[in-house]
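# Close look at the chain arrangement
Spelled out, the chains give:
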Amino acid sequence: MFDYSVWAVAILLELALVARSVRGDYFKRYPIFYSYISFVFLQSILRLAIYRLEPDWYRSVYWFTEFVGIIAGCSVVFEFCCLCFKGYPGVVKMARAALLVAFLFTFSKVLFTAAEGAEGWTPALTVLLVRDVRFVQVAATLILVAVVLLYGIPMSRNLKGIILGYGLYLSLVVLNLTYLGVFGERVQFVVTKIQACSYLLALLAWNVALWSYRPIESRALVAQKSYSAICAETSEQLARTKNSVESVLP
Amino acid sequence: MTEYALIAAATMSVLLFVVLFRRATQDAREEAQAGCRGLNDAGDWWEHGSYVSRAVLQQIFSQDDENFLNGEADPGTKFFFRRERKKLALRWIERRKLEAAAVMRTHRQAARGAEDLQPSEEMRLLLRHAKLKIMCEALAVTVWLAGPQSLHGLAQRADEIFHGAQRLRQAVRSRGDASAQQAQ
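Residues numbered from 1 in each chain as written. Chains lettered and ligands numbered in written order. Predicted model: local features only at pLDDT ≥ 70, side-chain atom pairs only at ≥ 80, totals over all residues.

## Quick look at the overall build of chain B
In plain terms, the rule: Helix and strand assignments follow DSSP, with helices taken as H or I runs no shorter than four residues and strands as E runs no shorter than two, numbered in order from the N terminus. Exposure classes come from backbone-placed C-beta atoms, where a residue is buried if 20 or more other C-beta atoms lie within 10 Å of its own, exposed if 12 or fewer do, and partly exposed in between.
Helix and strand content of chain B: 8 helices and 0 strands. When its helices and strands are written in sequence order, chain B yields α-α-α-α-α-α-α-α. In chain B, which comprises 184 residues, the share counted as buried stands at 22%.

## A short note on the interface of chain B and chain A
Short version of the rule: Working definition of a contact: two residues with C-beta atoms, positioned from the backbone, lying within 7 Å. Residue polarity is assigned by list, with Asp, Glu, Lys and Arg as charged and Ala, Val, Leu, Ile, Met, Phe, Trp, Tyr, Cys and Pro as nonpolar; anything else, Gly included, falls into the polar class.
The interface is formed by 32 residues belonging to chain B together with 28 residues belonging to chain A. For the side of chain B that touches chain A, the secondary structure elements donating two or more residues are α6 (75-111), α7 (119-146) and α8 (151-183) of chain B. No other element matches the 10 residues that α7(B) contributes to the side of chain B that touches chain A. Of the residues that constitute the side of chain B that touches chain A, the class distribution is 16 nonpolar, 7 polar and 9 charged.

## Considering the nonpolar core
Heads up, the condition is: Throughout this description, the term nonpolar core refers to a group of buried Ala, Val, Leu, Ile, Met, Phe, Trp, Tyr and Cys residues whose C-beta atoms join them within 7 Å.
Core analysis: the largest hydrophobic core is formed by 59 residues, its most contacted members being A:F80, A:V91, A:A95, A:L144, A:V147 and A:I162. Each residue touching A:V91, except ones within four places of it in the same chain, is listed here: A:F85, A:V147, A:Y151, A:I153 and B:R112. Formed by 20 residues, the second largest nonpolar core is a distinct cluster that contains A:L238, A:V248, B:A28 and B:A100.

## Some words on helix α2 (residues 31-53) of chain A
Residue and element names in this part refer to chain A. The cut-off we apply is this: The span you would expect from a helix comes to 1.5 Å times its residue count less one.
In this model α2 runs 33 Å from its N-terminal to its C-terminal C-alpha over 23 residues, within 8% of the 33 Å that 1.5 Å per residue would give. The set of residues buried in α2 consists of F33, Y34, Y36, I37 and V40. Elements in contact with the buried residues of α2: α1 (2-24), α3 (58-84) and α6 (157-183).

## Digging into the confidence of the model for chain B
All names here are of chain B. What counts here: As a per-residue measure, pLDDT reflects the predictor's confidence and takes values from 0 up to 100.
Of all residues in chain B, 85% attain a pLDDT of 70 or more, and the chain-wide mean is 80. Averaged pLDDT values for the elements of chain B fall to 49 in helix α3 (residues 42-46) and rise to 91 in α7. Throughout residues 39-44 the model reports pLDDT below 50, and contacts reaching past four residues in sequence, or to other chains, amount to 6 contacts. Predicted as a complex, the structure gets a pTM of 0.73 and an ipTM equal to 0.72.

Dropping the structure here:
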């Protein structure tokens, strides 16, 4: 009963998102995000139909759509990155470098798990692989948010909602899959419930934040000075403060 | 079980230390922030680089006044003097921290629109700022625990301990060499 209720509410919330996007023409503004939502909406209906009509197929359909969903989810992070850093070429460079470092650190774990799976895929190993791929996404999202906060990039309510909802969902999924990977089927009942609720939370956040279109208020002006001049000035000021602090040291 | 208890006790101690330190320096932080916003008069003479600031600074962190009071003043005056001096020192440190943070904030605002931004340079500046912040925090903890006038005394004591340890190591090494020669 609980599963069906969650399923129904999720489909309703997804439908509301898609309907609002069609009505307000938000599809043009966030094409990748709404494509992702449309995909998830169709995926939910497909899964529900398979669960009811062909329960034997459910497991394989679930894992197939789950992996496609993960790849589609990466594109949501990509769109956030493109929209948020539009007009900030310097910050884009910084974000790209930070993402590359995060990717190198986290993707190695995915490769290790995938290599283990080459000898035969157990359900626990599949769960761990999904968790590792999701973890790469969590790291990428956190890095992007850190860069946004560090450089004080203005964000619209829509973008905040997209990243908050997706980040929340990803974090809870990684947490759940870790428990599932470690404790196995003993915790499966609780984990699936929490995962379903976390997705509902993300959908709620998206519905609230994307109910109406909010453009980003202000964009940065092109830097007046060259980057080397800005750096030289900052270095000089930091050196002055450091000298001041060091002058009191014995 | 004992390990968990020890880890919990250590964590609690660290937390307690941090909470006490934050509470003790809260006034200094608030005053420094108000100074930076121009809400009090301290901003004018507190600006670093000016003659008054340098002179005051040397006085705050020197032992001269402390030595003078040790011979002249009653315990109540000494207590009051140490408390006020500590407050001043902490406020100065907070001011430097805020100043460094403001420098970085201004830098990021200017750099975010630059097309030729170099991530490696940004990281270098970020690390420099982190180093400066750690330095300020260490200084603040030392001042909070021992007082600003004790900095020089502490350094001397650390130097003595270091040299003492070096002498001990040399003595042990020479004794080891002598016993090795005897064995041969």
